[in-house]
Amino acid sequence: MKPRALKKVIYGPIEVPSRMCLWHLLGLLTALATSIAASQVQSSALVAFSYSGQEHKKTFLSKNRVFEFPKLRRRNVKIEQKYKKDGAGLGSAVWDGAFVLADYLQGADALRGKCVVEVGCGLGLVSIVAANSGAKRVIATDGDTKLFTMLKRNIINNTDAEKINSEPPVGNGEDHAMTEVFVQPLRWGNTTQIDQIKRLCPNGAVDIVLAADVVFEHDPMKQTNDDLHQANTAFQELVDTFFLLAHRNTVVWLAYKHRYKRENSFFGKVKEHFSLETIPRSKIHRDFIKAKIKIYKLTLKVDNAPTLKKPRDDL
């Protein structure tokens, strides 16, 4: 005698024998849901946030960019940017070298209590991290004053600074418990502006100079309206600026991304006055280890100021 076939009932896409209890069906659905959830978690782990790749391309010129600095109390820094709007130039976006240098220096003891000058600060990311790392005074400088409105907003929104200073402080600032932040114009090689910036530091001594993605001058074969990075002069003016800001104990931290062969001449000029130490690539943020970005530590070989080939006091 053949066994009696079980009558089957259809529950949506699942065919279940009529004798199966409802709790068996629920168990099957629960197991299916758990499996789907697990696969989603595994999938999301493979596409974690990165400063490189597609995520980087999408956000590079966004109106607002958020950078994470896990060693700082202010973990997230939100930068407002409007690339080349309202007449602003190349500094109106956060270039990769700025983040790489800021990430490397975040929370560094070398910044604590120091007078720090950033050359070519753009929108201020590196200066902000220096201020949040305990620097005594931070002087953010750029030759493009059309950036200053956004720059000042970024500093106010991302540091404990209640205002942006412009005048030299009275005394040496020992009575100020919080970091003082200054924004100053600086055309590279302008000795008048350089002297004004040095007066903002206690005893006129700049402890740290920061510069990220500033090694650039235009191709001499191409015409441009940008007079801040003129061909055949910008590299020398940048070296002169480093030299005139520095004293024997000053450290210059430079983040550099190689783009053009002509940039080699800049480093030839630097080596006339500075010793260069390359920071190991293992210490660079993991998303940029394979990028053509290096961090250099520059220290003076001598302590006598160079003679500028082309004085810039009239600019």
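Our structure's up above, just so we're on the same page.
The rules we used
Residues numbered from 1 in each chain as written. Predicted model: local features only at pLDDT ≥ 70, side-chain atom pairs only at ≥ 80, totals over all residues. Heavy atoms only, no water. Helix = DSSP H or I, 4+ residues; strand = E, 2+ residues; numbered from the N terminus. Buried < 20%, exposed > 50% of the residue type's maximum accessible area, 1.4 Å probe, protein only. Contact = heavy atoms within 4.5 Å. Areas by Shrake-Rupley, 256 points an atom, 1.4 Å probe, with all protein chains shown as cover. Disulfide = S-S within 2.5 Å. Core = buried A, V, L, I, M, F, W, Y, C linked by side-chain atoms within 4.5 Å. Salt bridge = Lys/Arg side-chain N within 4 Å of Asp/Glu carboxyl O. Axes fitted to C-alpha atoms, helices over the stretch in contact; angles between N-to-C directions. Parallel < 35°, antiparallel > 145°, perpendicular 65-115°, else oblique. Nonpolar A, V, L, I, M, F, W, Y, C, P; charged D, E, K, R; others polar.

## Comments concerning the overall build of the protein chain
Within the protein chain, the regular secondary structure consists of eight helices and 11 strands. Within the span of the protein chain, comprising 315 residues, buried residues form 43% of the whole. The contacts of the protein chain with a sequence gap of at least 6 include a subset with a gap of at least 24, amounting to 66%. Accessible surface, the protein chain: about 17500 Å² in total, of which carbon and sulfur atoms supply 53%.

## Side note on the state of the cysteines
Counted under the stated rule, the structure contains one disulfide. Each disulfide pairs two cysteine sulfurs, and for C115 the partner residue is C201, the sulfurs being separated by 1.9 Å. The disulfide joining C115 to C201 has a torsion of about -70° about its S-S bond and is therefore left-handed. Pair noted here: C115 is in strand β5 (residues 115-118) and C201 is in the loop between α6 (191-199) and β8 (208-212), with a separation of 86 residues, a long-range link. Residue class for C201 comes out buried when judged on its relative accessible area of 3%.

## What to know about the nonpolar core
Ranked by internal contacts, the top residues of the largest apolar core, which has 47 residues, are F69, L101, L125, L210 and W253. Other than its neighbours up to four places away in sequence, F69 contacts R74, R75, V77, F99, A102, D103, Q106, L125 and V129. Counting 35 residues, the second largest nonpolar core, distinct from the first, contains V117, L238, V270 and Y296.

## Considering the pattern of salt bridges
Counted under the stated rule, the structure contains seven salt bridges. One salt bridge connects R75 with E68, and the closest N-O pair in it is separated by 2.6 Å. Overall, R75 belongs to the partly exposed group, its relative accessible area being 40%. One salt bridge connects D160 with R74, and the closest N-O pair in it is separated by 3.2 Å. Here D160 is found in the loop between α5 (148-158) and β7 (180-185), whereas its partner R74 is found in the loop between β3 (64-68) and β4 (76-80), with 86 residues between them in sequence.

## What to know about the packing of helix α3 (residues 96-105) against helix α4 (residues 125-132)
Where α3 contacts α4, the two axes come as close as 8 Å, and the packing angle between them is 10°. In this view, α3 runs roughly parallel relative to α4, as classed from their interaxial angle. Across the interface between the two elements, A98, F99, L101 and A102 of α3 pack against L125, V126 and V129 of α4. For the contact of α3 with α4, the per-class residue count stands at seven nonpolar, no polar and no charged.

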